[in-house]
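Residue strings, one per chain:
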Amino acid sequence: MGTSRVDGEARHAHREDVGISVLGPLTVDDSAARMGPRETLVLAALTISVGDVVSADQLADAVWGDAPPASWHKNLQTCIVRLRKALGADAIETVGHGYRLTLPADVIDARRFEALVARGRELSMLGEPERAAYTFGQALALWRGRPLEELEDWEPGSLEAARLTDLRLDAQEWWLEGMVEAGRYRDVLTEARALVEAAPLRERRWELLALAQY
């Protein structure tokens, strides 16, 4: 008996309303309640490579490090099944000996952050500092804490977290620069001082604070 088109679509549909946040503790739709620690680690590892295949061995390394249990293949498959139930049946594709997160990149807050930062840079170069500052502010508002903290013991995860953190520091300075160039000196003096205190070795922050004070 053949499978109906409707049944096939239902089985292969992914949730269109899903949202994955990694700029802070990992959550799906603002809740981590449906995921255990293993599922969280697997999803985090897939998320940083959205659209690309992550091998089963790499996922095992992210979850168990150098000491995976003898049953790790079965345990990993169970994690994938549970994640598919939460995200949609075709949200994670099996490819060879690995898996690929097939959701659109813009459902991930880190990818939206990067897109907003890129747009802010475009507006800065177009000579629109106020719009640029607003866009950088939108990007920075996505942050809720340390990024990808679940993967801090897995090298690819820690490298991606460091990259995102560096981009956040840059975005903070570009936001402040846009506000100063737009003439919003008094509005940002308190924030400028706080940014200097948070990262006193970044010279650009001192320069922008001096400009705002001047």
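Residues numbered from 1 in each chain as written. Predicted model: local features only at pLDDT ≥ 70, side-chain atom pairs only at ≥ 80, totals over all residues. Heavy atoms only, no water.

Student: Please explain the packing of helix α7 (residues 155-181) against helix α9 (residues 203-213) as it appears in this structure.
Tutor: A pair of packed helices is characterised by two quantities: the angle between their axes and the separation of those axes. The geometry of α7 relative to α9 is characterised by a closest axis approach of 10 Å and an angle of 20° between their N-to-C directions. Here α7 is positioned roughly parallel relative to α9, judged by the angle of their axes. Along this stretch, α7 crosses α9, giving a crossing that reads as left-handed. Each of Leu169, Gln172, Glu173, Leu176, Glu177 and Val180 in α7 lies in contact with α9, whose residues at this interface are Arg204, Arg205, Leu208, Leu211 and Ala212. When grouped by side-chain class, the residues that make up the contact of α7 with α9 number six nonpolar, one polar and four charged. (Axes fitted to C-alpha atoms, helices over the stretch in contact; angles between N-to-C directions. Helix = DSSP H or I, 4+ residues; strand = E, 2+ residues; numbered from the N terminus. Parallel < 35°, antiparallel > 145°, perpendicular 65-115°, else oblique. Left-handed = near helix turned anticlockwise from the far one by under 90°. Contact = heavy atoms within 4.5 Å. Nonpolar A, V, L, I, M, F, W, Y, C, P; charged D, E, K, R; others polar.)

Student: What am I meant to see in the pattern of salt bridges here?
Tutor: Where side chains of opposite charge bring their charged atoms close, a pairing between them can arise. Overall, the coordinates contain 17 salt bridges when judged by the stated rule. With a shortest N-O distance of 3.1 Å, Glu39 and Arg82 are connected by a salt bridge. Highlighted residues: Glu39 in helix α2 (residues 37-47) and Arg82 in helix α4 (residues 72-87), separated in sequence by 43 residues. Salt-bridge contacts for Arg146 lead to Glu152; the nearest nitrogen and oxygen are separated by 2.5 Å. What makes Arg146 partly exposed here is its relative accessible area of 49%. Note on Glu152: relative accessible area 46%, which makes it partly exposed. Overlapping salt bridges, with partners in common, bring together Arg111, Glu114, Glu160 and Arg163 in one network. (Salt bridge = Lys/Arg side-chain N within 4 Å of Asp/Glu carboxyl O. Buried < 20%, exposed > 50% of the residue type's maximum accessible area, 1.4 Å probe, protein only.)

Student: When you look at the packing of aromatic side chains in this model, what are you seeing that I'm missing?
Tutor: One pair of aromatic rings is described through two measures. These are the centre distance and the angle between the planes. This structure, assessed with the given rule, holds two aromatic pairs. A centroid spacing of 5.5 Å and a plane angle of 80° characterise the contact between Phe113 and Trp143, whose relative ring orientation is edge-to-face. Of this pair, Phe113 sits in helix α5 (residues 109-125) while Trp143 sits in the loop between α6 (129-140) and α7, and the two are 30 residues apart along the sequence. The exposure class of Trp143 is buried, given its relative accessible area of 9%. Seen in terms of ring centroids, Phe136 and Trp174 are 5.9 Å apart; in terms of plane orientation they differ by 35°. Their pairing is tilted. You can see Phe136 sitting in helix α6 and its partner Trp174 sitting in helix α7, a full 38 residues away along the chain. Given a relative accessible area of 21%, Trp174 falls into the partly exposed group. One residue, Arg121, lies across the ring of Trp174, its end atom 4.1 Å from the ring centre. (Phe/Tyr/Trp six-rings, centres within 6.5 Å; stacked < 30°, edge-to-face > 60°. Lys NZ or Arg CZ within 6 Å of the ring centre and 35° of its normal.)

Student: Please clarify how the environment of Ala171 should be interpreted in this entry.
Tutor: Here Ala171 is to be found in helix α7. A relative accessible area of 0% means that Ala171 is categorised as buried. Ala171 sits 38 residues away from Ala133 along the chain, and the two C-alpha atoms are 9.3 Å apart. Among all residues touching Ala171, those that are not within four sequence positions of it are Phe113, Val117, Phe136 and Leu140.

Student: Got a minute to help me understand empty space enclosed by the protein in this structure?
Tutor: Rolled over the atoms, a probe as big as a water molecule pinpoints where empty space is left. On inspection of all chains with the given rule, the structure shows one cavity of 30 Å³ or more. Estimated volume of the largest cavity: approximately 30 Å³. In terms of lining, the largest cavity is formed by Val22, Thr47, Ile48, Ile108, Ala110, Arg111, Leu148, Glu160 and Leu164. Of all the elements in the fold, those that place two or more residues in the lining of the largest cavity are α5 and α7. For the lining of the largest cavity, the residue count by class is six nonpolar, one polar and two charged. (1 Å grid on protein atoms, 1.4 Å probe; cavity = no way out; pocket = protein on both sides within 12 Å on 5 of 7 lines; lining within 4 Å. Points joined across faces, edges and corners; volume = space filled by probe spheres on them.)

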